[in-house]
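Read off the chains here:
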Amino acid sequence: MITHPIFENTKVAFALKSDAELERAYFLFKMISIQPLVKIGTAATNFAIKASLPVEGLIRVTVFNHFCGGVNEKDCLPVIDKMYEKGVSSVLDYSVEGKESEFEFDAALEKVLKIIDFAREREAMPFAVFKPTGFGRFYLFEKLGKGESLTEAESEEWQKVEQRFDAVCSKAKENDISVLIDAEESWMQDASDNLVTKMMRKYNTEKAIVFNTLQMYRHDRLQFLKEQHELAKREGFYLGYKLVRGAYMEKENERAEKLNYPTPICKNKFATDTNFDNAVKYMLEHLNDMYMFAGTHNEDSSYLIMQQMHEKAIANNDSRIWFGQLYGMSDHISFNLASKGYNVAKYIPFGPVKDVMPYLIRRAEENTSVAGQTGRELNLLTKEKKRRKLEEDI
């Protein structure tokens with residue numbers, strides 16, 4: 001990775017962090033950088049929560065407060081307002097995972113609709129987000145993806161899934177809030193893609209309200225994007241896509257090996273990076289038909305988008321292009337981009353501490369496995385600590 005000067009300004013990157021918050025971030029990333037510690041910590045945390053040991057307070061003041069906005073929407077407001085003063089918008093993400101019942105799916109729907117109401121009042125919140133399996137059983141998506149027929153009861157259940165998707169997209173359009181729909185494992189994704197395309201067809205008539213997610217570590221996604229583009233041109237609707245590298249690589253490769261089919265994952269990181277950047281280029285070449293939300297913590301990809309925008313004389317604040325990062329990570333990208341007038345949004349996970357733990361554990365595990373990510377965070381935090389110390393000494 002080349003170091004780009006725009007992302008080196010730690011004064012801008014960490015302007016919102018007090019000295020104490022800076023120290024906490026440094027401590028957390030230092031811990032996360034030690035792989036065996038993450039494994040032990042994960043096991044111990046899971047055990048403590050299952051055994052109802054009083055650890056929530058400790059989790060809350062450390063890892064939870066760094067990576068999450070709060071336990072409910074109102075809790076997140078100070079974070080949302082503070083970031084928006086620096087030009088960074090927020091995407092509130094109710095990060096409760098692994099639910100299975102109709103009651104829980106309806107509760108998730110209510111939560112997302114409530115977030116849209118909440119966002120309608122605030123310029124700082126241009127997006128809502130949900131996960132497909134937050135609205136319906138994984139098994140149904142998987143069965144449909146295989147092309148198998150649903151039973152009568154399953155068909156009724158699937159109808160409810162469609163209704164939940166529709167309720168969110170309809171309300172989003174009504175309130176001019178865009179909705180980002182996450183991608184999940186490849187073996188459930190076809191059914192989700194079909195459903196999201198159906199929503200785009202219905203609601204992306206004047207601009208992109210509904211955004212699907214493309215995981216570019218899948219080697220077939222660029223071709224899928226091109227096919228969707230042809231469809232959208234034929235039928236006269238706009239495409240909205242969030243581009244990410246992907247989050248289920250180990251699981252995907254293990255399953256492919258176990259069931260003896262070719263893995264959908266690119267052969268290495270270089271191929272994934274190339275795929276991501278090619279999708280970026282393709283989308284920027286066809287901006288008249290599509291809107292892009294680039295979800296990336298990669299400096300090279302962020303810089304490429306800036307370069308391409310400059311070459312194509314696209315304004316920094318063009319409403320069709322957004323950069324996105326996760327709260328608690330890559331502030332050097334988010335805040336430096338925002339300071340130059342680009343559209344930037346941070347995903348802010350929230351929810352009860354106990355329910356958000358699977359998300360937090362995944363964050364810690366991903367940070368240990370992404371080469372250079374934690375080291376980069378630590379270098380920048382160290383640099384800012386030194387800068388502040390020098391400032392004090394002057």
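In this text, all values refer to a predicted model and were calculated from it rather than measured experimentally.

**Q** What's the story with the pattern of salt bridges in this structure? I'm lost.
**A** Note on pairing: side chains with opposite charge can pair once their charged atoms come close. Summed over all chains, the structure comprises 35 salt bridges. In this structure, the salt-bridge partner of D273 is R245, at a minimum N-O distance of 2.8 Å. On the criterion of sequence distance, the pair formed by D273 in helix α12 (residues 269–285) and R245 in the loop between β5 (239–244) and α11 (249–259) is long-range, its members being 28 residues apart. As far as the burial class goes, D273 and R245 line up, both buried. Two residues, R320 and D318, come together in a salt bridge whose shortest N-O distance is 2.8 Å. On the accessibility criterion, R320 (22% relative accessible area) is partly exposed.

**Q** In this structure, what is going on with empty space enclosed by the protein? I would like to understand it.
**A** Tallying each qualifying case throughout the model produces one cavity of 30 Å³ or more. Approximately 40 Å³ is the volume found for the largest cavity. What lines the largest cavity is simply F14, K17, A25, F29, H66, G328, M329, S330, D331, E377 and L381. Classifying every residue of the lining of the largest cavity by side-chain character gives five nonpolar, three polar and three charged.

**Q** It is not clear to me how the pairing of β5 should be interpreted in this structure. Could you clarify?
**A** Two faces make up the sheet, and in a regular strand the side chains alternate between them. Most of β5 sits out of view: six of its six residues are buried. One ladder, built from four bridges, connects strand β4 (residues 210–215) with β5; its direction is parallel. If you follow Q215 over to β5, its bridge partner there is V244. For the handedness criterion, the β-α-β arrangement of β4, helix α10 (residues 221–235) and β5 is classed as right-handed. Pairing analysis gives five bridges linking β5 to strand β6 (residues 290–295), with the strands arranged parallel. Bridge pairing links L243 to A294 in β6.

Criteria and cut-off values
- Residues numbered from 1 in each chain as written.
- Predicted model: local features only at pLDDT ≥ 70, side-chain atom pairs only at ≥ 80, totals over all residues.
- Heavy atoms only, no water.
- Salt bridge = Lys/Arg side-chain N within 4 Å of Asp/Glu carboxyl O.
- Helix = DSSP H or I, 4+ residues; strand = E, 2+ residues; numbered from the N terminus.
- Buried < 20%, exposed > 50% of the residue type's maximum accessible area, 1.4 Å probe, protein only.
- 1 Å grid on protein atoms, 1.4 Å probe; cavity = no way out; pocket = protein on both sides within 12 Å on 5 of 7 lines; lining within 4 Å.
- Points joined across faces, edges and corners; volume = space filled by probe spheres on them.
- Nonpolar A, V, L, I, M, F, W, Y, C, P; charged D, E, K, R; others polar.
- Pairing = 2+ DSSP bridges.
- Right-handed = clockwise from strand over helix to strand, strands pointing away.

Just geometry here; none of it tells us what the structure is for.
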